[in-house]
Amino acid sequence: SRKMNRAIQYSYVLAQHSNLTSSESNIEELVSILDTHKCDMTSLNLSNNTGHFCGQTGVMSIAPSIRNMEALVELDMSRNKICSEGGRTLAHSIKDSQVMSVLNISDNNLGYSTNYQVDLSGITAITEAILTMNSMTRLNISRNSLFNHDAGAGQTIGNMLAKHTSLTEVDVSHSAYSDASRGGPMFGQALAKGLSSNRVLTKLDISNNKLRSSAAH
């Protein structure tokens with residue numbers, strides 16, 4: 001269809017901005033593209049721009065545009081190290097979307113602030129936002145350093161899984177930070193509590209989280 005062809009074309013244009021510098025002109029150019037096509041762009045991939053365009057500053061710049069994208073079905077913001085601050089900003093931009101169904105925010109260090117302090121406010125804001133998004137079916141929040149020696153975000157993610165009615169695929173693999181020998185079981189137990197109330201999930205990846213058998217039951 002014409003709409004699909006335009007979406008593909010716009011995705012190609014955005015791909016040319018890989019590893020954007022944080023210069024004001026580049027940010028303004030991308031924001032202009034997003035604003036121009038807010039009614040018909042269905043897929044946006046801004047992955048792997050760590051230290052350049054995205055990060056916390058980049059997310060703050062494009063968040064208003066993302067919030068106004070009426071047709072955005074898929075968003076990939078993976079590998080940008082947006083940290084907890086960027087997570088809160090992104091959460092506000094996607095909250096209440098009834099169109100978006102696929103979100104990839106893996107490898108963004110969401111469990112820590114930009115000054116390397118444990119901070120789960122970003123992942124908490126994102127899970128709360130997702131609870132307002134009734135079309136969401138696939139979520140990738142893997143590799144985000146969500147826990148170390150405690151349950152971390154297990155309860156937050158578990159609560160989301162317990163309440164959401166359309167999520168069918170969730171990836172929370174590689175969520176441990178450093179040596180999480182104690183936090184792994186606690187994370188697993190908190191996650192399992194939420195899963196016990198879920199009736200729609202068909203695929204869950206919790207691999208490489210240092211879970212013990214007692215936490216998985």
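Procedures and definitions
Residues numbered from 1 in each chain as written. Predicted model: local features only at pLDDT ≥ 70, side-chain atom pairs only at ≥ 80, totals over all residues. Heavy atoms only, no water. Salt bridge = Lys/Arg side-chain N within 4 Å of Asp/Glu carboxyl O. Helix = DSSP H or I, 4+ residues; strand = E, 2+ residues; numbered from the N terminus. Buried < 20%, exposed > 50% of the residue type's maximum accessible area, 1.4 Å probe, protein only. Axes fitted to C-alpha atoms, helices over the stretch in contact; angles between N-to-C directions. Parallel < 35°, antiparallel > 145°, perpendicular 65-115°, else oblique. Left-handed = near helix turned anticlockwise from the far one by under 90°. Contact = heavy atoms within 4.5 Å. Nonpolar A, V, L, I, M, F, W, Y, C, P; charged D, E, K, R; others polar. pLDDT = per-residue confidence, 0-100. Arc of directions from axis to C-beta. Pairing = 2+ DSSP bridges.

Looking now at the pattern of salt bridges. Applying the stated criterion to the full structure yields two salt bridges. The partner of Lys81 in a salt bridge is Asp107, and the shortest N-O contact between them spans 2.8 Å. Taken together, the residues Lys81 in the loop between strand S2 (74-76) and helix H4 (83-94) and Asp107 in the loop between strand S3 (102-104) and helix H5 (121-130) connect sequence positions 26 residues apart. Note on Lys81: relative accessible area 35%, which makes it partly exposed. Exposure remark for Asp107: the relative accessible area of 23% places this residue in the partly exposed category. The partner of Asp119 in a salt bridge is Arg88, with the nearest N and O atoms 3.6 Å apart. Placement of the pair is Asp119 in the loop between S3 and H5 and Arg88 in helix H4, with a sequence separation of 31 residues.

What follows deals with unusual backbone geometry. At Tyr116, a residue that is not glycine, the phi angle is positive and equals roughly 65 degrees. Note that Tyr116 resides in the loop between S3 and H5. By relative accessible area, which is 67% here, Tyr116 ends up exposed. The phi angle at Ser145 is positive, at roughly 50 degrees, despite the residue not being glycine. Using a relative accessible area of 14% as the deciding quantity, one classes Ser145 as buried.

Turning our eyes to something else, we now look at the packing of H4 against H5. For any two helices packed against each other, the geometry comes down to the angle between their axes and how far apart the axes lie. Their axes nearest at 7 Å, the elements H4 and H5 cross at an angle of 15 degrees. One way to sum up the angle between H4 and H5 is to call them roughly parallel. H4 and H5 meet at a crossing whose hand is left-handed. In contact with Ser84, Gly87, Arg88, Ala91 and Ile94 of H4, H5 contributes Ser121, Gly122, Ala125, Ile126 and Ala129. Its residues placed into classes, the contact of H4 with H5 shows five nonpolar, four polar and one charged.

The next subject is the confidence of the model for the protein. The predicted model of the protein has a mean per-residue pLDDT of 84, with 80% of residues at 70 or higher. Counted against residues more than four places away or in other chains, residues 15-19, with its pLDDT under 50, gives seven contacts.

The topology assignment puts Phe187 in helix H7 (residues 183-195). Sequence spacing of Phe187 and Ile157 is 30 residues, and the spatial spacing of their C-alpha atoms is 9.7 Å. Other than its neighbours up to four places away in sequence, Phe187 contacts Phe147, Ala151, Ala153, Gly154, Ile157, Ser175 and Asn209.

Before going further, it helps to spend a moment on helix H6 (residues 154-163). Every buried residue belonging to H6 is among Gly154, Ile157, Gly158, Met160 and Leu161, and all of these are buried. Viewed along the axis of H6, the buried residues span an arc of 160 degrees, placing them on a single side of the element. Among the exposed residues of H6, those pointing more than 90 degrees away from its buried face are Gln155 and Lys163. Tucked into the core, H6 has its buried residues touching H5, strand S4 (138-140), strand S5 (169-171) and H7.

Strands belonging to one sheet form pairs held by backbone hydrogen bonds; the direction of such a pair is parallel or antiparallel. Here six strands make up an open sheet; going across it, the order is S1-S2-S3-S4-S5-S6 and the pairing parallel. Each edge of the open sheet carries a strand with a single partner, namely strand S1 (43-45) and strand S6 (203-205). With strand direction ignored, the average angle separating the axes of adjacent strands in the sheet is 0 degrees. One ladder, built from three bridges, connects S2 with S3; its direction is parallel. Bridge pairing in S3 places Asp76 opposite Asn104.

Taken N-terminus to C-terminus, the directions of H6 and H7 make an angle of 15 degrees; their axes are 7 Å apart at the nearest point. The angle between H6 and H7 falls in the class roughly parallel. As H6 runs across H7, the sense of the crossing is right-handed. Across the interface between the two elements, Gly154, Gln155, Ile157, Gly158, Leu161 and Ala162 of H6 pack against Phe187, Ala190, Leu191, Gly194 and Leu195 of H7. Tallied by class, residues from the contact of H6 with H7 come to seven nonpolar, four polar and no charged.

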